[in-house]
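Residues per chain are reported as follows:
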Amino acid sequence: MCLAIPSKVISIDSTNNTAMLDTLGVTREASLDLMNEEIKIGDYVLLHIGYVMGKIDAEQAKLSLETYAEIIKTLEEEEAELKGMS
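Residues numbered from 1 in each chain as written. Predicted model: local features only at pLDDT ≥ 70, side-chain atom pairs only at ≥ 80, totals over all residues. Heavy atoms only, no water.

### Considerations on the overall build of the protein
Consideration 1: Secondary structure assignment for the protein yields one helix and five strands.
Consideration 2: Reading the protein from its N end, one meets helices and strands in the order β-β-β-β-β-α.
Consideration 3: Taken over the C-alpha trace, the protein has a radius of gyration of 15 Å; the compact-globule value for 86 residues is 12 Å, which it surpasses by more than 25%.
Consideration 4: Along the first, second and third principal axes, the C-alpha atoms of the protein reach 50 × 25 × 25 Å.
Consideration 5: Within the structure as shown, the protein displays about 6,100 Å² of accessible surface, and the carbon and sulfur contribution to it stands at 53%.
Consideration 6: Charge separation in the protein, taken as the distance between the mean sites of 7 positive and 16 negative side-chain charges, equals 4 Å. (Helix = DSSP H or I, 4+ residues; strand = E, 2+ residues; numbered from the N terminus. Rg over C-alpha atoms; globule rule 2.2 N^0.38 Å. Areas by Shrake-Rupley, 256 points an atom, 1.4 Å probe, with all protein chains shown as cover. Lys, Arg positive; Asp, Glu negative; His and termini not counted. Charge placed at Lys NZ, Arg CZ, Asp CG, Glu CD.)

What follows is the structure in structure tokens.
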């Protein structure tokens, strides 16, 4: 299964056609080579394997990020529970 993660654009490097993104609190650089539309700082985009795949509405990004946070919390709780059983 492949996931595209909503990320916020925090800077753009036009020379290298890349953007710095905030993805769940982690800053990473991603290529804009696959983008067909213009993006600007503050936009939300979908990040997949180092490439920005497209823009996403801010409200939809917020909902998706909330879902990711819930998944991460559940996984962490399950991992802690398994460690407690050892």
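### So, the pattern of salt bridges
Close approach of charged atoms allows side chains of opposite charge to pair.
Consideration 1: Per the stated rule, a full pass over the model turns up three salt bridges.
Consideration 2: Asp43 is the salt-bridge partner of Lys40, the closest N and O atoms lying 3.3 Å from each other.
Consideration 3: The residue Lys83 makes a salt bridge to Glu79 at a minimum N-O spacing of 3.3 Å. Here the residue Lys83 and the residue Glu79 both occupy positions in helix H1 (residues 58–85), the gap between them amounting to four residues, near one helical turn.
Consideration 4: Salt bridges sharing partners connect three or more residues here, namely Lys40, Asp43 and Lys55. (Salt bridge = Lys/Arg side-chain N within 4 Å of Asp/Glu carboxyl O.)

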